[in-house]
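Analysis of the macromolecular model
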Amino acid sequence: MIEALEPFRIELTGYCYRMLGSGFEAEDAAQETLVRAWKAYDSYDPVRASLRTWLYRIATNICIDMQRSTQRRALAVDLGPSGGDFGSALSENVFVQPVPDALVLPEDQAIRRETVRLAFVAALQHLPARQRAVLILRDVLAWRAAEVALLLDISVASANSALQRARATLRVVDVGEPFLPSDPVQRSLLSRYCEAFSRHDVKTLVALLHEDATMSMPPYSWWLRGRAAISVALSSPGAACAGAWLVPVRANGSPAYWQMRPGMERPFGLVFLDVRGGLVTGCTTFLNVEELLPLFGAPVGSGSD
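**Notes on helix α10 (residues 184-198)**
- For α10, which comprises 15 residues, the first-to-last C-alpha distance of 21 Å matches the rise-based estimate of 21 Å (1.5 Å per residue) to within 8%.
- Those residues of α10 that fall on the buried side of the exposure criterion are Gln186, Leu189, Leu190, Tyr193, Cys194, Ala196 and Phe197. Around the axis of α10, the buried residues are gathered within 165° of arc, so they sit on the same side.
- On its buried side, α10 packs onto α11 (202-207), β1 (209-216), β3 (245-248), β4 (256-260), β5 (269-276) and β6 (279-286).
- Backbone nitrogen of Val185 and a side-chain oxygen of the N-cap are separated by 2.8 Å at the start of α10; the cap is Asp183.
- Count one or two residues on from α10 and you reach His200, which has phi positive near 55°.

Spelled out as structure tokens, the structure:
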């Protein structure tokens, strides 16, 4: 029976990640889903619901239970005004955490990659848990209203109402722009950014930023907005980016890179870039590398050549 359940692992992990905003918690929730399903498999009735619906019902209940004792995960820009001092590092459960693509994006399913972007997952956290589940199931996974109603044990009208409320909330939350890997303008932008970063060419880096671009470094709540402020931060002697370089990594369906530094065996941080047209609109560098490496594994091809 476990053979019948295992093929659902990646899509369930992706669903749990959108619900919870943490790759580690998503893995735990997906594993718990499969364990509960395995233990209760003899009671599963295929007449009442498909195997996928049954598994997603278990996963939804697990995610809702996990969220009852935790605060809403967010991005640094949601936690307070820009600028100021770094202050103390916050707990990892304050922030939406990154996740490897391979953990949440099944290769055999046409699931939109942009729905695991940090900004989109952070926006989902604004929704009550059941509205979040409805929106993910309907707008991300393309389930029918009747299927969602069956999963949540509510009426179709209630499912549709929850979807409309969830969509209304997301319309006033900034979810950014999706990354289009096939877009030559975006590919050129990323190439120029990485090259300028490796040269520590602050002038070029700043020129590639949108005028309202943001920069943040979880697990600190500190963040900056605007070219001028970011230019000062990048030019600071304490920035210590000279000699650093970026190694691509597949994460969150987004432009993502390990930042490597001379003399360091492990990465300094995991960098995500948001892009819009031909400019970078945001740079988020996760500094909790020791926590992330078990999930992502060591960088591949991390040499500076």
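Moving on from the model shown.
**Some details on the packing of helix α2 (residues 9-20) against helix α4 (residues 51-67)**
- Between α2 and α4, whose axes approach to 10 Å, the crossing angle comes to 30°. Looking at the two axes, α2 sits roughly parallel to α4. Pair α2 / α4 crosses with right-handed handedness. Between α2 and α4, the residues in contact are Glu11, Leu12, Tyr15, Cys16, Met19 and Leu20 and Arg52, Leu55, Tyr56, Ala59, Thr60, Cys63, Met66 and Gln67, respectively.
- Tallied by class, residues from the contact of α2 with α4 come to ten nonpolar, two polar and two charged.

**Section: the pairing of β4**
- Burial analysis of β4 places five of its five residues in the buried class, which makes it a mostly covered element.
- Summarising the sheet, β3 and β4 pair through four bridges and their orientation is antiparallel. Across the sheet, the residue bridging to Pro248 is Tyr257, located in β4.

**Describing the side chain of Asp183**
- Tracing the backbone through its elements, the reader meets Asp183 in the loop between α9 (156-171) and α10.
- The charged side chain of Asp183 is buried without a salt bridge, its nearest counter-charge being Arg187 at 6.6 Å.

Cut-offs used in this document
- Residues numbered from 1 in each chain as written.
- Predicted model: local features only at pLDDT ≥ 70, side-chain atom pairs only at ≥ 80, totals over all residues.
- Heavy atoms only, no water.
- Helix = DSSP H or I, 4+ residues; strand = E, 2+ residues; numbered from the N terminus.
- Expected span 1.5 Å × (residues − 1).
- Buried < 20%, exposed > 50% of the residue type's maximum accessible area, 1.4 Å probe, protein only.
- Arc of directions from axis to C-beta.
- Contact = heavy atoms within 4.5 Å.
- Polar contact = N/O pair within 3.5 Å; in protein donor to acceptor, adjacent residues only side chain to side chain.
- Axes fitted to C-alpha atoms, helices over the stretch in contact; angles between N-to-C directions.
- Parallel < 35°, antiparallel > 145°, perpendicular 65-115°, else oblique.
- Left-handed = near helix turned anticlockwise from the far one by under 90°.
- Nonpolar A, V, L, I, M, F, W, Y, C, P; charged D, E, K, R; others polar.
- Pairing = 2+ DSSP bridges.
- Lys, Arg positive; Asp, Glu negative; His and termini not counted.
- Salt bridge = Lys/Arg side-chain N within 4 Å of Asp/Glu carboxyl O.

Worth remembering: the numbers are spatial, not functional.
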